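# Working through the structure, step by step
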Amino acid sequence: MTAATALDWVTVCPFDRLDPDRGVAALVAGVQVAIFRTADGLYAIDNLDPVSGAYVLSRGIVGSRGEVPTVASPLHKQVYDLRTGDCLDLPGVCVARHQARCHNGMVEVRLRQEG
Amino acid sequence: MTGGNVVVIGNGMVGQRFVDALRARDAQRRWRVTVLAEESRPAYDRVRLSAYFDGADEQDLNLHTPHDGVELRLGEPATVVDRSRQVVTTTRGAYPYDVLVFATGSYPFVPPVPGADLTGVFVYRTLDDLAAIRRYAEDRRTGAVIGGGLLGLEAANALRLLGLTTSVVEFAPRLMPVQVDTAGGAMLRRYVEDLDVTCHLGVATTALRPDTDGSVTALELADGAVLDTDLVVVAAGIRPRDDLARVAGLDVGPRGGVLVDTTCRSTDERIYAIGECAAVDGTCYGLVAPGYAMAEVVADRLVGGSATFPGADTATKLKLLGVDVASFGDAHGTEPGCLDVTWTDPAARVYAKLVLSDDASTLLGGVLVGDASAYPTLRASVGGPLPAAPLALLVGDDAVGATAGTLPATAQVCSCNAVTRADIDTAIADGCADVAALKACTRAGTSCGSCVPMLKQLLDAAGVVQSKALCEHFDVSRQELFDIVRVRGIRTFSRLIAEHGRGRGCDICKPVVASILASLGNGHILDGEQASLQDTNDHFLANLQRDGSYSVVPRIPGGEITPEKLIVIGEVARDFNLYTKITGGQRIDLFGARVDQLPQIWRRLVDAGFESGHAYGKALRTVKSCVGSTWCRYGVQDSVGLAVALELRYRGLRAPHKIKSAVSGCARECAEARSKDFGIIATETGWNLYLGGNGGFRPRHADLFATDLSTETLVTLIDRFLMYYVRTADRLQRTAAWIEAMDGGLDHLRAVIVDDSLGLCAELDDAMARHVVSYSDEWRDVLADADRLRRFTSFVNAPEIPDPSITFVTERGQPVPVGGHSSDTQGRQPVTLGLPEVRR
Ligand code: SRM
Ligand SMILES: Cc1cc2nc3c(=O)[nH]c(=O)nc-3n(C[C@H](O)[C@H](O)[C@H](O)COP(=O)(O)OP(=O)(O)OC[C@H]3O[C@@H](n4cnc5c(N)ncnc54)[C@H](O)[C@@H]3O)c2cc1C
Ligand code: SF4
Ligand code: FES
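None of the values given here were measured: they were computed from a predicted structure.

### A look at the overall build of chain A
Along chain A, the regular secondary structure elements total 0 helices and 9 strands. Secondary structure of chain A in N-to-C order comes out as β-β-β-β-β-β-β-β-β. By the burial criterion, 50% of the 115 residues in chain A qualify as buried. Considering only intrachain contacts with a sequence separation of at least 6, the fraction spanning at least 24 residues in chain A is 42%.

Laid out in structure tokens, this is it:
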């Protein structure tokens, strides 16, 4: 499978349930998603840390590297681009990214399955 | 000849350096090396021998590195050298050689006065000597040193540190007659007498008087005076150990020492001599640097090189009894027609002299007493023009900084290792960007360390910027950030980064700022914006494990716990299915809790009287204790009581890194206090305080900081130590590294927190007092606040569903993570525990 399949938007929680510059984990259609609220907007990526195999990315520290909004894995501190899911420290490593938006005061996520 | 057997006699500083140098050059291992050592321990740093009385032990002083193809035979002195058969004999065997190297050093010269062999008379050369002095001094009150030179003054300081009333007897009319001139000696004497060391100068010792039991009780001096003393150290000079060589028929120098040429070869072409036992062209050197140069020469020769001994710089810089003394070049102005420029400041207690050539164009030598900061530059300039006007060099704080960059390429920057400015510049050009890299690449700075400031300046001069920036978001160091936050009263990260940084922060600067805000007492660490700065451990007040679960560590102050509390821990662990382990910090760790279980677990623990153990924080961890005088038959103080009190006083204190402590009830040290950031060992009359120890990656024993303290003084000193550390250390710098990196080290620390040299003590005391009263248990506060509790859910949209990724298997009757022994994604292989089975 090469094309990305977009599924439906799923409502997760009220927007003010999210703290600025911090993440939460959500269970969306059986997938663990990490959702981050930053000054640049909402981002969603897989909660699975591909390096350690643990579901922890939502608990990482949010920040920036140059112009790139980032999150650092809380386990071993590899840094990921929140926009693309690419790991900035380990070439070739990336996490799946999803779409996130705020709609009528609610956070919504749409899973993307990339092949 | 470039291969075969080398036998080295002596494993002292120079013998060891020779073996290292040969191994570095002889990549093909053509030489097999046997080292015969008289002492029972491998080579140690004799130059720093006196550090033994500051708490350094054998391991701290160790210089020995094992090499393949090198056999070290300890406690096995050479007894005969048979040149015709080319064999060295010991009491245990015979060792044939193709090349023989003498590195036997010197022995202390004891003048032949009556009574020199009495009990209680010591020399000062080996660790065994110092250990014997320490033992004998134990219940003695007075001590005397014969000899007021470099060694004698070191010995005098040692006796002071051992608590003896000390005097020094010197035959010459001034102290350190070899190194300093009359005026310098007079200045030195003022310093020494201020430390209550009495000086008897210009007078010989004529006899040592015995007590009825045959131990020494007094010195008789040539002027008729009699000096009562319980212990005597003789430090009247050294003589080369050339007896074996003499017996073997080798030539010796006019003042002793195995006579060698500038290739360090003796009159037998198979035999070399290096270090203090060698007389190069007739001259013996009593310093380590020339010895090292000789070691390098012989190693080079053995692999076919053509190095020669270039003659030696006998410059010295020392800190004796806390006084800086330096002497270099023609310090006594023996050159005909030479000129002296002197500077005396009796108020500041500084004396300096420069010796210049008759036309004042060339620096020939000099003496510095009281302030030797100009020494590295001056020494490197000997033989050339002065790098600046004489007065500017001697006075003015940054004399060194102003001039290091102006040194000529040939100037020797590091005299211990014969490294020139050109060598340093080449290394910098090859990419060395800091002092550590320069040390590794050139060896400069690795011996006495006095050239390290110059290395820094040469890096500066070469335009290498040594960055102190915390990360890409802040250009300043942690310490500077701390001051900015404190002085400007900043309370949020967003204001700090807007005003003093850039970007949005990262996993480096955010926890640093969180820790600074916490150290300055800005309320609960999970309040408002602070929560978003915390590492996951602090964010959930628990330690993240490899599988995404957390561990729980309740505080058990001093390791003391009631049976009721033990039962509660057991019940909680059972009810929540937690893996349970006794930690190395005398408490209990419960593993495998999910985020959503943490509040429930803590509810039970807090109700039973437990509080957070801060295992997750860069904060005080544990104060371990031994059982102490309450139970132990050896205990002399209540170590458990003190440990509990200290743990409760400093609990919750946020710091640049974690802080650990321990209290032992007597010198047997069952609590391992010397491996802690601050360790306390009980004495008959109080407490000894040790600072700057740790285990971990680079273990280090803590240094003795103060002795026989009352509990009150002890606590004050620890308060200040911790607060000064919190304010000034770098990110993730433990106290050991912090003290090591401090200009002036332990002395500086002592000046700041004991003598209040920076006028900071009151502020530090206040800061700690504020910490103590404002402490409250982080977990209790979270449980009381619905807002803070909100984050402890597995899924924001499904709080009732536990994280399905956390599952366990059972091992030895307890739950552990699936695949917990390896992390396949990182390619690590599990090690199977293949223990042998015992069958009957
Ligand atoms: C549980 C324990 C091992 C045990 O089963 O005994 C342990 C476990 C951890 N140690 Fe430790 N250390 C434990 C005693 C020690 C000791 C021994 C001691 O304290 O007496 C040392 C050496 C002494 C020292 O610190 O100087 C020790 C040296 C380290 C180090 C290296 C520190 C260093 O300066 O080099 C780290 C890494 C760090 O902190 O950056 C570390 C880090 C860790 C961490 C926090 C690693 C991590 O970030 O996940 C481990 C997690 C604990 C957890 O999840 O609860 N642990 N660790 C011990 C907890 C003691 C306690 O009750 O608080
Ligand atoms: C307290 C003190 C402070 C000092 N401070 C300074 C200083 O600040 N700066 C400085 O440059 N120098 C200083 N020195 C001098 C410095 O330590 C020596 O120059 C240096 O150790 C010489 O090294 P070496 O290997 O020649 O001799 P040593 O280090 O003495 O080693 C010789 C070794 O050979 C062993 N040996 C002797 N005979 C035999 C045998 N027959 N068989 C086997 N082994 C044998 C001895 O036991 C000894 O271990 C100080 C010395 C002392 C004691
Ligand atoms: S350190 Fe001393 S008091 Fe403490 S247990 Fe050991 S022997 Fe006993
Ligand atoms: S001068 Fe001693 S280490 Fe450089």
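What follows picks up the thread again.
### Brief notes about the overall build of chain B
Scanning chain B for helices and strands turns up 27 helices and 38 strands. Residues counted as buried form 52% of the 840 residues belonging to chain B. For chain B, the share of sequence-separated contacts (at least 6 apart) that also reach a separation of at least 24 residues comes to 60%. Of the roughly 36,400 Å² that chain B leaves accessible, carbon and sulfur atoms contribute 51%.

### Concerning the site of ligand 1
Residues and elements named next belong to chain B. Around ligand 1, a shell composed of 20 residues is seen, among which Gln545, Thr583, Gly584, Asp589 and Gly695 lie nearest. Lys581 is positioned such that a nitrogen or oxygen atom in its side chain is 2.8 Å from an oxygen atom of ligand 1. Lys676 is positioned such that a nitrogen or oxygen atom in its side chain is 2.8 Å from an oxygen atom of ligand 1. When its residues are assigned to classes, the shell around ligand 1 shows 2 nonpolar, 10 polar and 8 charged.

### A closer look at the sheet that holds strand S16 (residues 231-234) of chain B
Backbone-to-backbone hydrogen bonds pair the strands of a sheet. The strands run either parallel or antiparallel. All names here are of chain B. Reading across from one edge, S9-S16-S10-S11-S12 is the order of the 5 strands in this open sheet, with parallel pairing throughout. The open sheet is flanked by strand S9 (121-122) and strand S12 (197-201), the only strands paired with a single partner. Pairing geometry for strand S11 (residues 165-170) and S12, over 5 bridges, is parallel. Across the sheet, residue Glu170 finds its bridge partner in S12, namely Leu201.

### Quick notes on the sheet that holds strand S15 (residues 226-228) of chain B
Residues and elements named next belong to chain B. With antiparallel pairing, 3 strands are arranged side by side in an open sheet as S13-S14-S15. Strand pairing shows two members of the sheet lacking a second neighbour, strand S13 (205-210) and S15, which therefore form its edges. The sheet shows a mean angle of 25 degrees between the axes of neighbouring strands, taken without regard to direction. Note: S13 against strand S14 (residues 216-221), 5 bridges, orientation antiparallel. The residue of S14 that forms the bridge with Pro210 is Val216.

### Structural notes on the interface of chain B and chain A
Interfaces are often sized by the accessible area lost when the parts come together. Contacts between chain B and chain A engage 38 residues on the former and 34 residues on the latter. Summing the contributions of chain B and of chain A, the shared interface buries around 2,800 Å²; its carbon and sulfur component is 50%. Looking at the side of chain B facing chain A, the largest losses of area belong to Arg504(B), Arg790(B) and Val796(B), adding up to 23% of the total buried there. At the boundary of chain B with chain A, the tally comes to 4 salt bridges. Between Arg504(B) and Asp40(A) there is a salt bridge whose closest N-O contact spans 2.5 Å. For the side of chain B that touches chain A, the elements supplying multiple residues, two or more each, are helix H16 (509-519), helix H17 (530-533) and helix H18 (536-540) of chain B. Partitioned by chemical class, the residues of the side of chain B that touches chain A number 12 nonpolar, 16 polar and 10 charged.

### Describing the pairing of strand S33 (residues 659-664) of chain B
All names here are of chain B. Among the 6 residues that make up S33, 5 are buried, leaving the element largely enclosed by the rest of the structure. Here strand S32 (residues 620-625) pairs with S33 via 4 bridges, running parallel. In the sheet register, Leu620 faces S33, and the bridge partner there is Ile659. Taken together, S32, helix H21 (residues 639-650) and S33 form a β-α-β motif whose crossover is left-handed. Sheet topology places S33 next to strand S34 (residues 678-682); 4 bridges connect them, and they run parallel. Its bridge partner lying in S34, Ala662 is registered against Gly679.

### Details of the site of ligand 3
Close to ligand 3 lie Cys626(B), Val627(B), Gly628(B), Cys632(B), Tyr634(B), Gly635(B), Gly665(B), Cys666(B), Arg668(B), Glu669(B) and Cys670(B). Here the residues of the shell around ligand 3 sort into 6 nonpolar, 3 polar and 2 charged.

### Topic: the packing of helix H19 (residues 563-575) of chain B against helix H20 (residues 598-607) of chain B
Axes are the key here: two packed helices are described by the angle between their axes and the distance separating the axes. Residue and element names in this part refer to chain B. In the contact formed by H19 and H20, the axes pass within 10 Å of each other and the chain directions differ by 165 degrees. Between H19 and H20, the angle is such that the two are roughly antiparallel. At the point where H19 passes H20, the crossing takes the right-handed sense. On H20, the residues that touch Val568, Glu571, Val572 and Asp575 of H19 are Ile601, Arg604 and Leu605. Partitioning the contact of H19 with H20 into residue classes produces 4 nonpolar, no polar and 3 charged.

Calculation notes
- Residues numbered from 1 in each chain as written.
- Chains lettered and ligands numbered in written order.
- Predicted model: local features only at pLDDT ≥ 70, side-chain atom pairs only at ≥ 80, totals over all residues.
- Heavy atoms only, no water.
- Helix = DSSP H or I, 4+ residues; strand = E, 2+ residues; numbered from the N terminus.
- Buried < 20%, exposed > 50% of the residue type's maximum accessible area, 1.4 Å probe, protein only.
- Contact = heavy atoms within 4.5 Å.
- Areas by Shrake-Rupley, 256 points an atom, 1.4 Å probe, with all protein chains shown as cover.
- Near = heavy atom within 4 Å.
- Polar contact = N/O pair within 3.5 Å; in protein donor to acceptor, adjacent residues only side chain to side chain.
- Nonpolar A, V, L, I, M, F, W, Y, C, P; charged D, E, K, R; others polar.
- Pairing = 2+ DSSP bridges.
- Axes fitted to C-alpha atoms, helices over the stretch in contact; angles between N-to-C directions.
- Buried area = accessible area lost by both parts, 1.4 Å probe.
- Salt bridge = Lys/Arg side-chain N within 4 Å of Asp/Glu carboxyl O.
- Right-handed = clockwise from strand over helix to strand, strands pointing away.
- Parallel < 35°, antiparallel > 145°, perpendicular 65-115°, else oblique.
- Left-handed = near helix turned anticlockwise from the far one by under 90°.

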